[in-house]
Amino acid sequence: MTLVVGLISGTSVDGIDAALINITGRTEDIQVELLAANTYPYPIDLRSQILAACKGEAISIPQLAALDDAIALCFAQAAQNIQAGHPPAELIGSHGQTVFHRPPVLTSRDVAGNASTTLGYSLQLGRGAVIAQLTNTPTVSNFRAADIAVGGHGAPLVPKVDAYLLSHLHEARCVQNLGGIGNLAYLPPRSHVNWEEKVRGWDTGPANTLLDLAVQHLTDGAQTYDRDGNWAASGTPCHPLVEQWLNQDFFHLPPPKSTGRELFGWEYLQQCLVDARSYQLSASDLLATLTEFTVASIVHSYRTFLPQMPERVFLCGGGSRNLYLKQRLQIHLDIPVLTTDEAGLSADFKEAIAFAVLAYWRQQGIPGNLPQVTGAKQAVLLGELV
Ligand SMILES: Nc1ncnc2c1ncn2[C@@H]1O[C@H](COP(=O)(O)OP(=O)(O)OP(=O)(O)O)[C@@H](O)[C@H]1O
Ligand SMILES: CC(=O)N[C@H]1[C@@H]2OC[C@@H](O2)[C@@H](O)[C@@H]1O[C@H](C)C(=O)O
C-alpha cells in the first residue's frame, strides 16, 4: 500500500486539484482508494499572471522565474493541506501548470507511411524540486518531457491510467474529459487479446475554454462560467455556425493530436464572435452554439477516428457538471452518457488521481505513456523524481 498525493491545475486555470490516494497493485491489478480531495483556488493576482502567460503576453525571464516559484509554493501548500489528518504521503506527483503547449508538426511521410515530425514542446510551471524541498517528500514532476523527447505530443497522458482504472471486461468504453480542453480515452474490453495496445486517446478540442471566455465577455467578468449550463439551455444553437467552425483543420487531423489554449483561447473566441454577428444571436443563443460546438467536435471525433463506437461514455472534469452539455452529448451520441463517479472514480479529481498514479509508476519503473496515444516512438518512464 502506498500513500501518494496527486496535484494538477488544468487548462481552465481555476485552481489546484489535490488528491490523496492509497495505491495497491501495479497495472492490471492496480486499485486506488481516494482518502481526501480538494481544489485550492489560485490567488486572483497569480491566476491573472498565469492567464497572461498562457495568452502569449510578453514575460521577462526574471518574471517567469518568479511565476514558477509562486506556483511551486501554491502546489506545495496544496500538498500539505490535503494530507492534514492523514499519515504523511510517501510520494507526490505534481503535473504543475501548463502555460505553453506546442504539439509536434508533421513534416513529411515516406513511402512506407512513416511520419517525420518536428519536436513538440510543453511547459509546466511549479518546479518539483521546490515542492519536494518544501514538503520534505519525494516528488515527481515534468511528466510530459520524456514522451515529447521521443517524438510524442506529451499529451494526453491520462489514458493509460483510465485504461487500468476504468476499463471493463466485456464493454467498450470511452472516458471523456471535459476540462478547459476535451480529451478522450477509448478503452476496448479487457477480454480482447492485447487490449492495452488497442487503447486510443487524443484531445478532441475545446470543452469549456471558449464557453468560459464567452461568459466572462458577456458579463464583463462578473461570472466565469455557465453554471450547470443553465444559460446556454435557455438559448437555441445556431447549426450553420457550428458546421462552419467544425471546418477548422484541427478537427480533421487524424490522431495522435493534442491542443491547448494557444489555439482555443481568447483570439479564437474573438473570431467566433465576429462569425456570429451576421446571425444576430442573443447571449443565450451564443452560449448554446458554443456548447453545441464542443458537443459536435466530440461526436465528430468519435465517429471519424474511433475503431468502433463505445457502448457507454463516462464523463469527467468540470464540464461533466454542465447538465445541458451532457444532455446534448447524450442526444447526439445516442449511447448512455454517465460520469466516472458512476464507475467508482471521482469525476472532479480523476486527473489529480492520475498524476498520483503516474508518479507511482515512475517510482516503480513502469512507463506511463501509451505510444499509440501520444505518437511517441516508444513507451518511456514519465517524470523527474526529486
Ligand atoms: N457546475 C458546473 N456547471 C457548468 N460548468 C462547470 C461546473 N463546474 C465546473 N464547470 C466547468 O469546468 C471547468 C473546470 O473544469 P476542470 O477543472 O476539469 O478543468 P481543467 O482541469 O482546468 O482542464 P483540463 O482538463 O483541460 O486541464 C470550469 O472552468 C467550468 O467551465
Ligand atoms: C499540455 C496539457 O496540459 N494538456 C492537457 C490539457 O487538458 C486536457 C488535455 O489538454 C490533455 O491533453 C492534457 O491533460 C491531461 C491531464 C492529460 O495529459 O491526459
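Residues numbered from 1 in each chain as written. Chains lettered and ligands numbered in written order. Predicted model: local features only at pLDDT ≥ 70, side-chain atom pairs only at ≥ 80, totals over all residues. Heavy atoms only, no water.

Caption draft 1: A look at the overall build of the protein. Per the secondary structure count, the protein includes 14 helices and 14 strands. Relative to a compact globule of 386 residues, whose C-alpha radius of gyration would be 21 Å, the protein shows 20 Å and is just as compact. Taken along its principal axes, the extent of the C-alpha atoms in the protein is 55 × 50 × 45 Å. For the protein, the proportion of its 386 residues judged to be buried stands at 55%. Nonlocal contacts in the protein, meaning residues at least 24 apart in sequence, comprise 69% of its contacts between residues at least 6 apart. Carbon together with sulfur atoms contributes 51% to the accessible area of the protein, which is approximately 16,200 Å² in total. (Helix = DSSP H or I, 4+ residues; strand = E, 2+ residues; numbered from the N terminus. Rg over C-alpha atoms; globule rule 2.2 N^0.38 Å. Buried < 20%, exposed > 50% of the residue type's maximum accessible area, 1.4 Å probe, protein only. Contact = heavy atoms within 4.5 Å. Areas by Shrake-Rupley, 256 points an atom, 1.4 Å probe, with all protein chains shown as cover.)

Caption draft 2: Here's a closer look at the site of ligand 1. Ligand 1 sits among 21 residues. The nearest are Thr11, Gly180, Asp212, Asp228 and Gly318. The contact in question runs from an oxygen atom of ligand 1 to an N or O atom on the side chain of asparagine 177, over 2.9 Å. In the environment of ligand 1, an oxygen atom lies 2.8 Å from a nitrogen or oxygen atom belonging to the backbone of glycine 318. Computed on the free molecule, ligand 1 has an accessible area of 650 Å², of which 88% lies beneath the protein chains in the complex. Looking at side-chain class alone, the shell around ligand 1 contains three nonpolar, 11 polar and seven charged residues. In terms of domain composition, the shell around ligand 1 takes at least three residues from each of domain 1 (2–165 + 348–385) and domain 2 (166–343). (Near = heavy atom within 4 Å. Polar contact = N/O pair within 3.5 Å; in protein donor to acceptor, adjacent residues only side chain to side chain. Nonpolar A, V, L, I, M, F, W, Y, C, P; charged D, E, K, R; others polar. Domains from an automatic or database assignment.)

Caption draft 3: Quick look at the packing of helix H1 (residues 44–54) against helix H2 (residues 61–82). Packing of H1 against H2 leaves a shortest axis separation of 11 Å and a crossing angle of 130°. Regarding the angle of H1 to H2, the classification is oblique. Crossing hand, H1 versus H2: left-handed. When H1 is examined against H2, the residues Leu46, Gln49, Ile50 and Ala53 are found in contact with a partner set consisting of Leu67, Ala70, Ile71 and Cys74. Split into classes, the residues belonging to the contact of H1 with H2 amount to seven nonpolar, one polar and no charged. (Axes fitted to C-alpha atoms, helices over the stretch in contact; angles between N-to-C directions. Parallel < 35°, antiparallel > 145°, perpendicular 65-115°, else oblique. Left-handed = near helix turned anticlockwise from the far one by under 90°.)

Caption draft 4: Up close: the domain arrangement of the protein. Its domain assignment divides the protein into domain 1 (2–165 + 348–385) and domain 2 (166–343). Computed over C-alpha atoms, the centres of domain 1 and domain 2 are 22 Å apart. Facing the 28 residues of domain 1 at the interface are 32 residues of domain 2. Together, Thr11, Asp348 and Gln372 form the three largest contributors to the area buried by domain 1 at its contact with domain 2, with a combined 22%. If you look at where domain 1 meets domain 2, you find two salt bridges. In this structure, arginine 321 and aspartate 348 form a salt bridge, with 2.4 Å as the shortest nitrogen-oxygen distance. Of all elements in the fold, only H1, strand S4 (91–102), helix H5 (158–166), helix H13 (350–364) and helix H14 (371–374) reach the threshold of two or more residues within the side of domain 1 that touches domain 2. Counting residues per element, the side of domain 1 that touches domain 2 draws most heavily on H5, which supplies six residues. In terms of residue class, the side of domain 1 that touches domain 2 is made up of 14 nonpolar, seven polar and seven charged. (Buried area = accessible area lost by both parts, 1.4 Å probe. Salt bridge = Lys/Arg side-chain N within 4 Å of Asp/Glu carboxyl O.)

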